[in-house]
Amino acid sequence: MLSQRGASRAGFLDIPWRYAPTQTYDRENNPGGLISFGMAEHVPMRKEIVKFIIYAQVTFTEDSIGYRPKPPTAARLPAALAAHINRNFNPYSPVDPNNVLTVSSPTALGGMLGFALGEPGDGIIVSRPMYGRFELDYGVEADIKIIYADTEPEEGFTPAVVPKFEAALQDAEQKGVKIRAVLIANPNNPVGRCYPVETLKEICRFCQKHQIHLISDEVYALCIFDTGDPDAVPFRSILSLDFCNLIDPNLVHFMYGFSKDFASGGLHLGFLISQNQSLLRACKAMLRLHSASGAAVTIGTAILEDEEFVSHFISKARQSLASRYRIATSTLDKAGIRYIKGGNAGFFIYIDLSPYLPPESPEHPSWQEREFALAQRLLDEGVFLHPREEHATSPGWFRLVFTQDEDILSEGLRRLINAVQQNVDTPRNK
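Conventions we followed
Residues numbered from 1 in each chain as written. Predicted model: local features only at pLDDT ≥ 70, side-chain atom pairs only at ≥ 80, totals over all residues. Heavy atoms only, no water. Phe/Tyr/Trp six-rings, centres within 6.5 Å; stacked < 30°, edge-to-face > 60°. Helix = DSSP H or I, 4+ residues; strand = E, 2+ residues; numbered from the N terminus. Buried < 20%, exposed > 50% of the residue type's maximum accessible area, 1.4 Å probe, protein only. pLDDT = per-residue confidence, 0-100. Contact = heavy atoms within 4.5 Å. UniProt positions renumbered as here; feature names shortened; annotations may be inferred. Pairing = 2+ DSSP bridges. Axes fitted to C-alpha atoms, helices over the stretch in contact; angles between N-to-C directions. Expected span 1.5 Å × (residues − 1). Core = buried A, V, L, I, M, F, W, Y, C linked by side-chain atoms within 4.5 Å. Domains from an automatic or database assignment. Salt bridge = Lys/Arg side-chain N within 4 Å of Asp/Glu carboxyl O. Parallel < 35°, antiparallel > 145°, perpendicular 65-115°, else oblique. Left-handed = near helix turned anticlockwise from the far one by under 90°. Nonpolar A, V, L, I, M, F, W, Y, C, P; charged D, E, K, R; others polar.

Asker: Even after reading the chapter, I still don't get the packing of aromatic side chains, so can you show me in this structure?
Answerer: Under the criterion given, the structure shown has 21 aromatic pairs. Relative to Phe 348, the ring of Tyr 220 has its centre 5.1 Å away and its plane inclined at 80°; by these criteria the two rings are edge-to-face. Placement of Tyr 220 in the loop between strand S6 (213–217) and strand S7 (252–257) and of Phe 348 in strand S10 (residues 348–352) is noted, with a sequence separation of 128 residues between them. Take Phe 348: its relative accessible area is 2%, and that puts it in the buried class. Members of the aromatic cluster, joined through ring pairs, are Phe 52, Phe 258, Phe 262, Phe 271, Phe 309 and Phe 313.

Next up, the structure:
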C-alpha cells in the first residue's frame, strides 16, 4: 500500500506522452531507428566536453570521490561559477561566491525552491507557452502547482504579460491557491527568444507589488546565436538589472546549470544564486538529498577555471546553433510549415502543426486526442515530438529540438514533413 502522496506521484508516469522515448537512429547500424526532436541536448557539442576531460587531463583527487570536498577545494567551484557569471552575464553587482549554491541539477533545484518557498498546493505562475515539465520539477517532491497565465507566444515577451499574471494570480487565489512566485525561462523555452529589459522590469515590479518571489531560469543564457535578424532581442540576465526601487533583492533567485550552455546534462551540475540567506540556508539543508557528485564538481571546476576553453567552446557552440537553425528553418519554410519567428536562443523552434491535425471525429473527439493522434502519426514515421508538452493555448503547437548532427537533423525533418503531408492511414513501413 502506498501513501496517497506516493500513489499520486506514481500516477505522473501515466500522463499520456509525458516522457520522451530514447533516440535509436544510427545511419549505419539502425537507419530505421527513431529520431527524437524531444530531448533538449546540444548533441554535436558533447564531444568537445569529452575531449576536454580526456586531453586537458582533469585532475581527480580523493576529494573527487569523498562525501564532500575539503577547504580550499570546496570553495573553487562557487568562485569559478561567480567569475563565469561576472564575465559573461554583465551583473549589475558582482556575484559573491558566498551567494552561490551548487546542487545536482537545475531540475533538482526546482524541487528545492518549491519546497522552500511554498506549502503543498501553493502555486507558481508562468506564462504560456512554457517548458511543460516544470510541472514535474516543482510538483513531484514539493507538490507546487504551476499556474498558467494565458498568453500568445509573442505577447509573453511584452509588458502586456503582466496583466495576464495579475489575472492568473487573482483567479488562483479565488480558488484557494496561494501564489508564491513567478517563474520565467530566459531565454524562453520553447519559443527561443530573450526577454526585453523593460519586460523584465515590469515582471520585477509585479513581484514586488505582491511580495512574491521571482525565479529566473537562465540555463540557456549563453546559447545565443546570430540569425541575421536585426530585430532579435539580445539576452539580458535578471542579474544585470539594478534592483533599487524595482524589487527587493531577497525576492530574486537565479538558476543556472551545465546541461545547456556546456552540453553536459549528464554531469548533473546546477547552481542557485540568491541574496536571500534564509533561502540559501534552507536549500543547503536539502543538499543531503540533492548535492552534486564530487566527480562532477571536479570536472565542472576544471572547465570554468579554463577561461580560454570556455570562450572557445561558447563561440563554437553558437556557430553550431546558427548552422542548424538555418537548416531547420529553411526546410520548414520550404515545406510551408509555420513557426514562431525571431528566435535566436536555445535548442528549439516552436512550430505550428495545427493544419495537419486530424479532423474531429468519434475516434478523436477532443483537440487533445487530435494532437495525440498527430504525434502518433509522427512516431509511426520514425520521428518524435512531444504533444501538449509546452502547453500552448491552442492545439497543434510542438517544440522541435534542432541540435542534432546535420545528417540526423535532415533525416528527421524529412520524416516530419513526410508524416504531416501524407495520408493519415499510411504510416512508414518498419
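Asker: I tried to follow the confidence of the model for the chain on my own but got confused; where do I start?
Answerer: In low-pLDDT segments, the atomic positions of the prediction should not be examined closely. With 98% of its residues at a pLDDT of 70 or more, the chain shows a mean pLDDT of 94. Predicted confidence is poor over residues 424–430, with pLDDT under 50, and the contacts of this stretch with residues over four places away or in other chains come to 11 contacts.

Asker: Sorry if this is basic, but what is going on with the environment of Gly 123 here?
Answerer: Checked against the element boundaries, Gly 123 lands in strand S3 (residues 123–127). For Gly 123, a relative accessible area of 0% gives the class buried. Sequence separation of Gly 123 and Ala 82 is 41 residues, and the distance between their C-alpha atoms is 30 Å. Excluding its chain neighbours within four sequence positions, the residues that come into contact with Gly 123 are Ile 144, Lys 145, Ile 147, Val 177, Lys 178, Ile 179, Arg 180 and Ala 181.

Asker: What's the story with the UniProt feature "domain: Aminotransferase class I/classII large" (unreviewed entry) in the chain in this structure? I'm lost.
Answerer: When the UniProt feature table is mapped onto this chain, "domain: Aminotransferase class I/classII large" (unreviewed entry) is found at residues 74–412. Taken end to end, residues 74–412 has its terminal C-alpha atoms 44 Å apart, with 40% of it in helix and 15% in strand.

Asker: What is the right way to look at the sheet that holds S3 in this model?
Answerer: Backbone-to-backbone hydrogen bonds pair the strands of a sheet. The strands run either parallel or antiparallel. Here we have seven strands laid out as an open sheet, ordered S2-S8-S7-S6-S5-S3-S4, and mixed in their pairing. Two strands bound the open sheet, and with one partner strand each, they are strand S2 (100–103) and strand S4 (145–149). Mean inter-strand twist for the sheet, computed between neighbouring axes without regard to direction, equals 25°. As paired elements, S3 and S4 share five bridges and run parallel to each other. Across the sheet, Val 126 pairs through a bridge with Tyr 148, a residue of S4. Contacts between helix H8 (residues 277–290) and the sheet are confined to S2, S7 and strand S8 (270–274), with S2 contributing the most and set at about 20° to the helix.

Asker: Mind showing me how you'd approach helix H12 (residues 406–421) here?
Answerer: Along an α-helix, residues three or four positions apart point the same way, because every turn accommodates 3.6 residues. Compared with the 22 Å implied by 1.5 Å per residue over 16 residues, the 22 Å span of H12 between its first and last C-alpha is a close match. Those residues of H12 hidden inside the fold are in contact with strand S1 (35–36), helix H10 (307–335), S10, helix H11 (367–380), strand S11 (383–384) and strand S12 (397–401).

Asker: Is there a simple way to think about the nonpolar core in this case?
Answerer: The nonpolar side chains of a soluble globular protein tend to be buried with one another. Residues Tyr 138, Val 182 and Ile 238 are the most contacted members of the largest nonpolar core, which totals 101 residues. A domain-level breakdown of this core finds at least three residues from each of domain 1 (4–47 + 310–422) and domain 2 (59–306). Those residues within four positions of Ile 238 in sequence are excluded, and the remaining contacts are Leu 200, Cys 204, Leu 214, Ser 216, Glu 218, Phe 243, Val 252 and Phe 254. Of all hydrophobic cores here, the second largest spans 39 residues; its members include Tyr 220, Phe 225, Ile 349 and Leu 409.

Asker: Help me understand the pattern of salt bridges, please; the structure alone is not making it clear to me.
Answerer: Side chains that carry opposite charge are capable of pairing whenever their charged atoms lie near each other. In total, this model carries 21 salt bridges according to the counting rule given. The salt bridge partner of Asp 407 is Arg 27, with a shortest N-O separation of 3.5 Å. Of this pair, Asp 407 sits in helix H12 while Arg 27 is found in the loop between helix H1 (4–10) and S1, placing the two residues 380 residues apart along the sequence. Residue Glu 166 is joined to Lys 209 by a salt bridge in which the shortest nitrogen-to-oxygen separation is 3.2 Å. In this pair, Glu 166 is assigned in helix H6 (residues 161–174) and Lys 209 in helix H7 (residues 197–210), connecting sequence segments 43 residues apart. Since its relative accessible area comes to 59%, Lys 209 is described here as exposed. Each of Arg 27, Glu 28 and Asp 407 takes part in one network of salt bridges that share partners.

Asker: Honestly, the packing of helix H4 (residues 106–117) against H8 in this entry has me stumped. Any pointers?
Answerer: Any two packed helices are characterised by how steeply their axes cross, that is the angle between the axes, and by the distance between the axes. Here H4 crosses H8 at 130°, and the two axes come no closer than 10 Å. As the angle between them shows, H4 and H8 are arranged oblique. Crossing of H4 over H8 shows right-handed handedness. Contact residues: H4 offers Ala 108, Met 112, Leu 113, Phe 115, Ala 116 and Leu 117, while H8 offers Leu 279, Ala 282, Cys 283, Met 286, Leu 287 and His 290. Partitioning the contact of H4 with H8 into residue classes produces 11 nonpolar, one polar and no charged.

Asker: Looking at this structure, how should I read the side chain of His 364?
Answerer: By the secondary structure assignment, His 364 is in the loop between S10 and H11. Overall, His 364 belongs to the buried group, its relative accessible area being 15%. Contacts of His 364, omitting those with residues within four sequence positions, involve Pro 358, Pro 359, Glu 369, Arg 370 and Ala 373.

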